[in-house]
Amino acid sequence: MNMDKFAQQIQEVRQRTEVLNQHVVGQSCSPQQDLLVQAFEELQFALEELRVAEEEVRVQNDELVVARSLVEQERQRYMDLFDFAPDGYLVTDTNGTILEANRTAAHQLQVSQQYLQSKPLVNFVPLEERQAFRSQLLQLRDKEGLCEWEICLLSREGNKFDCSLSVTTVYDLQGNSIRWRWLMRDITARKQAEQQIRSIQLQNLQLQEAARIKSQFVANMSHELRTPLHAILGFSQLLLRRYYDHFPSELRSMVERIISSGKHLLALIEDILDFSTLEAGRLNLQKQEFNLVELVTTVTEELRFLADQKNLTLAIHIDIQNHRIVNDSNRVRQVLVNLLSNAIKFTDTGGVFVEVQQVGQDRVVLIVRDTGIGIAEDELKNIFQEFRQVNESITRRHGGTGLGLAIVDKLLRLMNGKITVKSKLGEGSTFRVELPRQVS
Ligand code: ADP
């Protein structure tokens, strides 16, 4: 009831009682009149209590108005959250008839929120999937907790989109299921991304297979090339050895050229074979314990004649206590031969310096430093890539395939080591190889 009207009515009753009271008091006294006076007094007392009660009700009413506005604000806040949520939300009855829908749901299904009211959700499922959807609904009735599945939905304009559905059941006080709350997430983008990933994975597999076939082919070819080349080299060497004294010098130099070209070709084939085996991940290290310092000294001495031909200093500096390491000695030799022959190849004055050091307890370092032509800074990052030669006119003069450092880099990765380089154009280069003392 309107509080002001109620207060006004109390006030009117009070005034009338006052008038009556005065009227009765003005009359001559009789026992009935006394009783009447008393009754009026009590009435006035009751009216006073009523007024106090009315005041309390008024206060409570004010509080109620404030509480109601707060509740309304909260309700609006939740409605906004519901409406502007990035996912579609629906409430349906347990037959799947839509009772409430937020804006996103309406947007997803390309209809107005109003239109969705009282429509069966199954209307938005493509014909061919309706049967399955209906049986999902039947199953939902017996399920407790959150149910999730993925489905293709159809907007009113006929656009299909992939959707993930999450459904929870609402129960009444007696525990009967009365509503379903649906969350609809458009997963078209995710599905497309998954499809793309799948096709990339497939392409990747095809590429891997192609790469495997290619390396297999290269490995086979290199092997096939090596066999006759060994025969050519062997017989030319035999020819030279047996008939050295009988051959005129011109013929001798011809056979020597066959041998040196054959050796060069063999080295190239070995490089290609190594690279393809490493690339295919088919190279296994033959591990054994050996003396690293001995190996470094031997290799350096073997290549000394190359340095001598160019009048270069070739020096070794050993700074390591324990000389023994566990690794594939042939492959460590290959790393060192590559670095040393490059250093000599690309140095015309000064020298090449080899150092062996120790890093902590379990790593060793090989350094090959030269005072040669150096490498420009922007080329440094490329030199470990296969078939990469820095300055082709210079390197052509020096020969090579551009595979040496790529093989070294791959070998070191296999050994759990690493190679780094510092260089300055015109001043020289320093290659630093770090290896574990014991390859696992
Ligand atoms: P290559 O068979 O051409 O020597 P590498 O892979 O061994 O192939 O080397 C790649 C390129 O890196 C070389 O062609 C050369 O340009 C450069 N390079 C390697 N070592 C040195 C060095 N010590 N000094 C200058 N340039 C070098």
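The preceding data block contains the structure.
Worth saying up front: this structure is predicted, and the values here are computed from it rather than measured.

K.L.:
Which parts of the structure should I look at to understand the sheet that holds strand β3 (residues 147–154)?
P.N.:
Strand-to-strand pairing in sheets goes through backbone hydrogen bonds, with the strands running parallel or antiparallel. What the five strands build is an open sheet, ordered β2-β1-β5-β4-β3; its pairing is antiparallel. A strand with exactly one partner marks an edge of an open sheet, and here the two such strands are β2 (98–101) and β3. Adjacent strand axes in the sheet meet at a mean angle of 30° when their direction is disregarded. Looking at chain direction, strand β4 (residues 160–171) and strand β5 (residues 177–186) are connected through nine bridges and run antiparallel.

K.L.:
Would you mind showing me how to read the packing of helix α8 (residues 292–309) against helix α9 (residues 329–345) here?
P.N.:
Two quantities define a packed helix pair, namely the angle between the axes and the distance from one axis to the other. Orientation of α8 relative to α9, taken along the N-to-C sense of each, is 35°, at an axis distance of 10 Å. For the pair α8 and α9, the crossing hand works out as right-handed. In this structure, α8 contributes L292, L295, V296, T298, V299, T300, E302, L303, L306 and A307 to the contact, and α9 contributes S329, V332, R333, L336, V337, L340, S341 and I344. Broken down by class, the residue content of the contact of α8 with α9 amounts to twelve nonpolar, four polar and two charged.

K.L.:
What is the right way to look at the sheet that holds strand β7 (residues 313–319) in this model?
P.N.:
Strand order across the open sheet formed by five strands is β7-β9-β10-β12-β11, with mixed pairing between neighbours. The open sheet is flanked by β7 and β11 (418–424), the only strands paired with a single partner. Here the average twist between neighbouring strands, direction ignored, is 15°. As defined by bridge partners, strand β10 (residues 363–370) adjoins strand β12 (residues 428–436) across seven bridges and the pair is classed as antiparallel. Along β12, the bridge assignment pairs R369 with T430. α9 rests against β7, β9 (351–359), β10, β11 and β12 of the sheet, and its axis sits at about 20° to β10.

K.L.:
Got a minute to help me understand the nonpolar core in this structure?
P.N.:
The nonpolar side chains of a soluble globular protein tend to be buried with one another. L292, L339, L340, I419, F431 and V433 are the most contacted members of the largest nonpolar core, which has 47 residues in total. For this core, the secondary-structure elements that each account for two or more residues are α7 (249–279), α8, α9, β9, β10, α12 (404–414), β11 and β12. In contact with L339, not counting residues within four places along its chain, are V368, L405, I419, F431 and V433. L90, L121, L137 and I151 belong to the second-largest nonpolar core, a separate cluster that totals 26 residues.

K.L.:
Help me understand the pairing of strand β1 (residues 88–93) in this model?
P.N.:
Note on strand geometry: in a regular strand, side chains alternate between the two faces of the sheet. Most of β1 sits inside the fold, with five of its six residues counted as buried. Relative to β5, β1 runs antiparallel, the two being bridged by six bridges. Its bridge partner being in β5, L90 is matched across the sheet by W182. Sheet topology note: the β1/β2 ladder contains three bridges and is antiparallel. Note that in β2 the partner of T92 across the bridge is I98. As consecutive antiparallel partners, β1 and β2 are separated by four residues, and within that stretch G96 has a phi angle of approximately 90°, a positive value.

Rules used in this analysis
- Residues numbered from 1 in each chain as written.
- Predicted model: local features only at pLDDT ≥ 70, side-chain atom pairs only at ≥ 80, totals over all residues.
- Heavy atoms only, no water.
- Pairing = 2+ DSSP bridges.
- Helix = DSSP H or I, 4+ residues; strand = E, 2+ residues; numbered from the N terminus.
- Axes fitted to C-alpha atoms, helices over the stretch in contact; angles between N-to-C directions.
- Left-handed = near helix turned anticlockwise from the far one by under 90°.
- Contact = heavy atoms within 4.5 Å.
- Nonpolar A, V, L, I, M, F, W, Y, C, P; charged D, E, K, R; others polar.
- Core = buried A, V, L, I, M, F, W, Y, C linked by side-chain atoms within 4.5 Å.
- Buried < 20%, exposed > 50% of the residue type's maximum accessible area, 1.4 Å probe, protein only.

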